[in-house]
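Observations on the model geometry
What follows is the residue order along each chain.
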Amino acid sequence: MNAGLPHLQPPALQAGDRVRLVAASSALGDLERLQAGLAVLTSWGLELDDDPTRLPARRWGYLAGRDAERAGDLRPSGDPESAPALLACVRGGWGSARLLERPLETAGGWLLGFSDVTSLLWHRLAMGRGGAIHGPLLTTLAAEPAWSQERLRALLFGEPLGDLDGESWVGGQAEGPLLAANLTVATHLLGTPHLPDLDGAILVLEDVGEAPYRLERMLTHWRLCGALQRLGGIGFGSFEGCDDPGEADGDSPRFSLEQVLRERTADLGIPVLAGLPVGHGHVNAALPLGVRARLDGDHGRLSVVAAGPGSVKCR
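For clarity, every value in this text was computed on a predicted model and none was experimentally measured. (Residues numbered from 1 in each chain as written. Predicted model: local features only at pLDDT ≥ 70, side-chain atom pairs only at ≥ 80, totals over all residues. Heavy atoms only, no water.)

Structural notes on the overall build of the protein
Of regular secondary structure, the protein possesses 7 helices and 14 strands. The C-alpha radius of gyration of the protein comes to 19 Å, within 12% of the 20 Å expected for a compact globule of 315 residues. Taken along the three principal axes of its C-alpha coordinates, the protein extends 55 × 45 × 40 Å. Looking at the protein as a whole, 56% of its 315 residues qualify as buried. A fraction of 77% describes how many contacts in the protein between residues 6 or more apart in sequence connect residues 24 or more apart. Carbon together with sulfur atoms contributes 51% to the accessible area of the protein, which is approximately 13100 Å² in total. (Helix = DSSP H or I, 4+ residues; strand = E, 2+ residues; numbered from the N terminus. Rg over C-alpha atoms; globule rule 2.2 N^0.38 Å. Buried < 20%, exposed > 50% of the residue type's maximum accessible area, 1.4 Å probe, protein only. Contact = heavy atoms within 4.5 Å. Areas by Shrake-Rupley, 256 points an atom, 1.4 Å probe, with all protein chains shown as cover.)

Here it is as structure tokens:
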């Protein structure tokens, strides 16, 4: 494959298109939140490809089945007429990166998820394919505010997306291919063939349950291998549960979450936004990966410039 070759996004969804459930990570606990998310998709006129009640019983330790079973959720169907238009991941946790140890054949259409699903989304981009969406899982979709649900529907059905507002930390403007990721998961893709091209990219990062010193350690790793220095701009989403509970105790000097994120990115010479509504917080606004985006550090705004042919590069 040639670097810089443009890749088309999948066709916009239409009523009657099929959705396949993908359980590529941790085992599913119960059906209640999954069924609530499925109700949102069916309200858009989409049809389920399979029976969701099969998933809670599919377990291998803490994973949603053995590697071959979980990889099977992603494989193309033998009948083109029954091919899913959307692969919707049911939950995160851990396990999707294990599927990349062997050649992973995935169906066309859109792939939706976040958190642990970062591995699958970035693998798709690294292979030069479009259609990766960093957005709600089926077990979190129903809890999204109405505007976030509508944003995902608009993205899937080929309608324009509004801008996302954040807090400007470093001014300036940058335009480039849009990436979004869980910081922990993406850090473990560094140095692998599953990393998308970072040159000039607008990267939105989020995480959950990581202490500030762990986040600093990961961002330092990105700096040491030169990855942060390749970016065109950085956006920070939610870092849920990442503030150090000992900060207020006064027992020892500490860095806060904000201090760590600011200090590790302030000297890169690129615009930086914080507080974007993306990640494990109360809202996880959908982002189409690999498309051209603009990060405006002067006005605190992230915009999708073009959601048509992507600017993802094959490696």
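Examining the pattern of salt bridges
With the rule as written, the count across this model stands at 19 salt bridges. When the shortest N-O distance is used, the salt bridge between Arg153 and Glu150 registers 2.8 Å. With Arg153 and Glu150 both in helix α4 (residues 146–156) and 3 residues apart, the pair spans about one turn of that helix. Put simply, Arg301 and Asp163 hold a salt bridge, and the shortest N to O gap is 3.9 Å. Separated by 138 residues along the polypeptide, Arg301 in strand β14 (residues 301–306) and Asp163 in the loop between α4 and β6 (164–165) bring together distant segments of the chain. (Salt bridge = Lys/Arg side-chain N within 4 Å of Asp/Glu carboxyl O.)

What about the layout of surface pockets?
Empty space within the largest pocket amounts to approximately 260 Å³. Lining the largest pocket are 17 residues, with Trp94, Asp116, Asn182, Thr184 and Val185 sitting closest to its centre. Listed by contribution, the elements that provide at least two residues to the lining of the largest pocket are α5 (183–187) and β9 (202–208). Taken together, the residues that form the lining of the largest pocket break down as 6 nonpolar, 8 polar and 3 charged. Counted as a void, the second largest pocket has a volume near 220 Å³. (1 Å grid on protein atoms, 1.4 Å probe; cavity = no way out; pocket = protein on both sides within 12 Å on 5 of 7 lines; lining within 4 Å. Points joined across faces, edges and corners; volume = space filled by probe spheres on them. Nonpolar A, V, L, I, M, F, W, Y, C, P; charged D, E, K, R; others polar.)

A word on the nonpolar core
In this structure, Trp122, Trp222 and Leu302 are the most contacted members of the largest nonpolar core, which totals 95 residues. If sequence neighbours within four positions are ignored, Trp122 has contacts with Leu179, Ala180, Ala181, Ala186, Leu189, His194, Leu195, Pro196, Leu198, Leu203, Trp222 and Leu289. (Core = buried A, V, L, I, M, F, W, Y, C linked by side-chain atoms within 4.5 Å.)

A closer look at the packing of aromatic side chains
Centre distance and the angle of the planes are the two values used to describe a pair of aromatic rings. Under the defined criterion, the tally for this structure stands at 2 aromatic pairs. On the numbers, 5.9 Å between centres and 55° between planes, the contact of Trp169 with Phe236 is tilted. Residue Trp169 is located in strand β7 (residues 167–170), and its partner Phe236 is located in strand β10 (residues 233–240); the two are separated by 67 residues in the primary sequence. By relative accessible area, which is 16% here, Trp169 ends up buried. Residue class for Phe236 comes out buried when judged on its relative accessible area of 1%. Seen from the ring of Phe157, Arg153 lies directly overhead, with NZ or CZ sitting 5.7 Å from the centre. (Phe/Tyr/Trp six-rings, centres within 6.5 Å; stacked < 30°, edge-to-face > 60°. Lys NZ or Arg CZ within 6 Å of the ring centre and 35° of its normal.)

A short note on empty space enclosed by the protein
As enumerated under the stated definition, the model contains 1 cavity of 30 Å³ or more in all. Around the largest cavity sit Leu74, Leu104, Thr106, Leu111, Leu120, His123 and Arg124, which together line it. Of the residues forming the lining of the largest cavity, the biggest block, 3 residues, is contributed by helix α3 (residues 118–126). Here the lining of the largest cavity is composed, by residue class, of 4 nonpolar, 2 polar and 1 charged.

Describing helix α7 (residues 257–265)
Taken residue by residue, α7 has Leu257, Val260, Leu261, Arg264 and Thr265 as its buried positions. For α7, the arc enclosing every buried residue in end-on projection is 105°, short of the 170-degree limit, so these residues lie on one face. Against the buried residues of α7 lie β7, α6 (212–224), β10 and β11 (272–274). (Arc of directions from axis to C-beta.)

Comments concerning the side chain of Ser25
Relative to the helices and strands, Ser25 resides in the loop between β1 (18–22) and α1 (32–43). For Ser25, a relative accessible area of 0% translates into the label buried. Not counting chain neighbours up to four residues away, the residues in contact with Ser25 comprise Leu63, Ala64, Arg70, Arg91, Gly92, Trp94, Gly95, Ser96 and Asp116.

Let's talk about the side chain of Ser238
Examined against the element boundaries, Ser238 turns out to sit in strand β10. Within the local environment of Ser238, its side chain forms a polar contact with the backbone nitrogen of His280, the two atoms lying 3.1 Å apart. Not counting residues up to four positions away in its chain, the partners in contact with Ser238 are Glu206, Asp207, Leu276, Val278, Gly279, His280 and Gly281. (Polar contact = N/O pair within 3.5 Å; in protein donor to acceptor, adjacent residues only side chain to side chain.)

As for α4
With 8 of 11 residues buried, α4 is to be regarded as a mostly interior element. Residues Ser148, Gln149, Arg151, Leu152, Arg153, Ala154, Leu155 and Leu156 constitute the buried set of α4. Where α4 is buried, its residues meet α1, β3 (86–89), β4 (110–113), β5 (132–134), β6 and β12 (287–288). Positive phi shows up at Gly158, right after α4, with a value of about 75°.

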